[in-house]
Amino acid sequence: MNKSKKDKKERRSKENDHEDDERMEKDAEVPGSSSVIIDDQTVGVSPIAQPMASAKLTKKIRKLIKACVSLEDKSYFRNGLKDVQSGLKKNERGLVIFAGDVTPVEIMCHLPAVCEEMNIPYIYVLSRQTLGSAMGVKRGSLMVFLKKHEKYADLYDEVVEAINSIVLPWE
């Protein structure tokens, strides 16, 4: 790829990040829920999308995904339904991030139960576009599976700790 294409891609990525950050700063939280963000994006969010990441946690998750994608070794990152399912079936350990606006929800509604059964932390973000833009692609993603790496271990631990501290409505 020549230099001008790389510059355009980086500029576009930075613009998307800036827009997402501005939107998250403007968002308010709903009292009594697990930090659901009020925005025009919440219209398509599934009712089973619990626990939902707050705006602050979503920013950390985006940074974590970017750090993971930037690694040379792609074995620390799985993207998409089939890839995440295969990682879970192989008993890999890590962190699962689901998109909250998946339709039909039946294609992935069994995976949070699998994560709970395997004691793997998981959380929902508002949209597929949030996951896609964090990965640096235009297309959204249903879910992401991240494994711990020493390059971003502190941020990974911080996100996992925040996820584990969220009180689920059914507990």
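Parameters at a glance
Residues numbered from 1 in each chain as written. Predicted model: local features only at pLDDT ≥ 70, side-chain atom pairs only at ≥ 80, totals over all residues. Heavy atoms only, no water. Helix = DSSP H or I, 4+ residues; strand = E, 2+ residues; numbered from the N terminus. Contact = heavy atoms within 4.5 Å. Pairing = 2+ DSSP bridges. Axes fitted to C-alpha atoms, helices over the stretch in contact; angles between N-to-C directions. pLDDT = per-residue confidence, 0-100. Parallel < 35°, antiparallel > 145°, perpendicular 65-115°, else oblique. Left-handed = near helix turned anticlockwise from the far one by under 90°. Buried < 20%, exposed > 50% of the residue type's maximum accessible area, 1.4 Å probe, protein only. Right-handed = clockwise from strand over helix to strand, strands pointing away. Nonpolar A, V, L, I, M, F, W, Y, C, P; charged D, E, K, R; others polar. Phe/Tyr/Trp six-rings, centres within 6.5 Å; stacked < 30°, edge-to-face > 60°.

### Section: the overall build of the protein chain
- For the protein chain, the helix and strand inventory stands at six helices and six strands.
- In sequence order, the protein chain lays out its α and β elements as α-β-β-α-β-α-β-α-β-α-β-α.
- Once local pairs closer than 6 in sequence are excluded, the contacts in the protein chain between residues at least 24 apart make up 73%.

### Focus on the sheet that holds strand β5 (residues 122-125)
- One open sheet accounts for four strands, arranged β3-β6-β4-β5; its pairing is mixed. In the strand order of this sheet, the two ends are held by β3 (77-79) and β5, each with one partner. On average, each strand axis in the sheet is inclined to that of its neighbour by 15°, with strand direction left out of account.
- Pairing of β3 with strand β6 (residues 143-146), which is carried by three bridges, proceeds in the antiparallel orientation. Considered in β6, the bridge of N79 is made with V144.
- Lying on the sheet, helix α6 (residues 153-165) is in contact with β4 (95-99), β5 and β6; it crosses β4 at an angle near 65°.

### Side note on the confidence of the model for the protein chain
- Mean pLDDT for the protein chain: 82, with 74% of residues reaching 70 or above.
- Confidence drops under a pLDDT of 50 for residues 25-38, and excluding neighbours within four residues, the segment shows 27 contacts in the predicted structure.

### Overview of the packing of helix α2 (residues 55-69) against helix α5 (residues 128-135)
- Direction vectors running N to C along α2 and α5 enclose 40°, while the axes themselves pass 8 Å from each other. Judged by the angle between their axes, α2 and α5 are oblique. Taken as a pair, α2 and α5 cross one another with a handedness that is right-handed. Contact residues: α2 offers T58, R62, I65, K66 and V69, while α5 offers T130, L131, S133, A134 and M135.

### Examining the environment of I123
- With respect to the secondary-structure elements, I123 resides in strand β5.
- Sequence-wise, I123 and M52 are 71 residues apart; in three dimensions their C-alpha atoms are separated by 6.1 Å.

### Observations concerning the pairing of β4
- Counted residue by residue, β4 has five buried out of five residues, so it is predominantly covered.
- Neither face of β4 is exposed, since L95, I97 and A99 on one face and V96 and F98 on the opposite face are all buried.
- Note: β4 against β6, four bridges, orientation antiparallel. Looking at the pairing, I97 lines up with V144 of β6.
- Each parallel crossover has a hand, and for β4 linked through helix α4 (residues 111-117) to β5 it is right-handed.

### Topic: the packing of α2 against α6
- Their axes nearest at 10 Å, the elements α2 and α6 cross at an angle of 145°. Once α2 is placed against α6, the crossing between them reads as left-handed. Counting all contacts with α2, which are made through L57, K60, I61, K63 and L64, the residues of α6 involved are L155, Y156, E158, V159, A162 and I163.
- Class assignment for the residues of the contact of α2 with α6 results in eight nonpolar, no polar and three charged.

### A closer look at the packing of aromatic side chains
- With the rule as written, the count across this model stands at three aromatic pairs.
- A centroid spacing of 5.9 Å and a plane angle of 70° characterise the contact between F98 and Y122, whose relative ring orientation is edge-to-face. With F98 in strand β4 and Y122 in strand β5, the pair connects residues that are 24 residues apart, well separated along the chain. Both residues of the pair, F98 and Y122, count as buried.
- With 5.3 Å between their ring centres and 35° between their planes, F98 and Y124 make a pair best called tilted. With F98 in strand β4 and Y124 in strand β5, this residue pair connects regions lying 26 residues apart in the sequence. Here F98 and Y124 have matching classes, each one buried.
- Ring pairing ties together the aromatic residues F98, Y122 and Y124, which thus form one cluster.

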